[in-house]
Amino acid sequence: MARQKYYAYRTLTSMWFTGAIWLYLYRIFITDQQVGILDGMAFAMGLLAEVPSGALADKFGRDKVVRLGLLLTGSGLLLQSIGGSFMPFFVGQAILMIGISFVSGADEASFLSSSNSIRIPLIGEKLVTLGSQVALIGTVVALVMGGWLHTINPRIPWILNGLVFSLLR
């Protein structure tokens, strides 16, 4: 059961429906200069949020920090999906990047420490390898679907991404 949960989690968290079309949504509502500022600030916020995320995981537990990170990631994506100007995109992107920083690494460590697979290195290695392969398939499916859904309505991939992350917690 733990393996199936791990594979499902890896697949769903790798399904970035916005991966190939993020710039196109932004360009509908903000200038290229604002996109550059948004992208640079998001990177900086994500980098800064990485620092306390490990300490928070140690203090409150990995599971709680991962759940909070998933909720923040989903909320940031959903906020961006309803945005129509720079500020909602900026706030949504900040929340998204903080969420991603909280999840980064703590999710896999949480799964592996709660599983017997970590005690047997070969099984743990196979679990992670197959999880990566399954995640790659999820990524390809999501990129194609995201591009197609963007043609229907540019906000749909963002909403779908936000819902996936929000429901994972």
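Throughout, residues of each chain are indexed from 1 in the direction in which the sequence is written. For a predicted model such as this one, the threshold for reporting local features is a pLDDT of at least 70, and the threshold for listing and counting side-chain atom pairs is 80 or more; totals across whole chains, interfaces and linings nevertheless cover every residue. By convention in this description, side-chain values take in all heavy atoms of the structure and omit both hydrogens and water.

**Considerations on the packing of aromatic side chains**
What counts, and what does not: Only Phe, Tyr and Trp rings take part, Trp by its six-membered ring, and two of them pair if their centres are within 6.5 Å. Stacked means planes under 30 degrees apart, edge-to-face means over 60, and tilted covers everything else. Segments assigned H or I by DSSP are reported as helices when at least four residues long, segments assigned E as strands when at least two residues long, and all are numbered from the N terminus.
Inspection of the entire model under this criterion finds seven aromatic pairs. Taking 5.0 Å as the distance between ring centres and 45 degrees as the angle between the ring planes, the aromatic pair formed by Trp 16 and Phe 165 counts as tilted. Placement of the pair is Trp 16 in the loop between α1 (2-13) and α2 (22-29) and Phe 165 in helix α8 (residues 156-168), with a sequence separation of 149 residues.

**Section: the packing of α1 against α8**
Where we set the bar: Note on geometry: axes are lines fitted to C-alpha atoms, helical ones only across the stretch in contact, with angles between N-to-C directions running from 0 to 180 degrees. Any angle that falls under 35 degrees is termed roughly parallel, while one over 145 is termed roughly antiparallel, one within 65 to 115 roughly perpendicular, and all others oblique. Handedness of a helix crossing follows the sense of rotation of the near helix relative to the far helix, less than a right angle counterclockwise being left-handed and clockwise being right-handed. Whether two residues are in contact is decided by their heavy atoms: any pair within 4.5 Å suffices. Residue type decides the class: Asp, Glu, Lys and Arg count as charged, Ala, Val, Leu, Ile, Met, Phe, Trp, Tyr, Cys and Pro as nonpolar, and the leftover types, Gly among them, as polar.
Two elements in contact, α1 and α8, have axes separated by 10 Å at closest approach and are oriented at 150 degrees. It follows from the interaxial angle that α1 and α8 lie roughly antiparallel. You can see that α1 and α8 cross each other, and the crossing is left-handed. Where α1 approaches α8, its residues Tyr 9, Leu 12 and Thr 13 are matched on the opposing element by Val 164, Phe 165 and Leu 168. Considering only residue class, the contact of α1 with α8 consists of five nonpolar, one polar and no charged.

**Details of a nonpolar patch on the surface**
Rules: In this scheme, patches are assembled from residues that exceed 30% relative accessible area and form no salt bridge. Like charges are connected within 9 Å, while nonpolar side chains (Val, Leu, Ile, Met, Phe, Trp, Tyr) are connected within 5 Å. Accessible surface is estimated by sampling points in the Shrake-Rupley manner with a 1.4 Å probe; for residues, cover comes only from the protein chains shown. Basic side-chain nitrogens of Lys or Arg form a salt bridge, by our definition, when they fall within 4 Å of a carboxyl oxygen of Asp or Glu. Working definition: with a 1.4 Å probe on protein chains only, accessible area under 20% of the residue-type maximum means buried, over 50% means exposed, and in between means partly exposed.
A cluster of nonpolar side chains, namely Leu 136, Val 140 and Val 144, defines an oily patch on the protein surface of about 300 Å² accessible area. By the element assignment, Leu 136 lies in helix α7 (residues 121-152). Residue classification places Leu 136 among the exposed residues on the basis of a relative accessible area of 56%.

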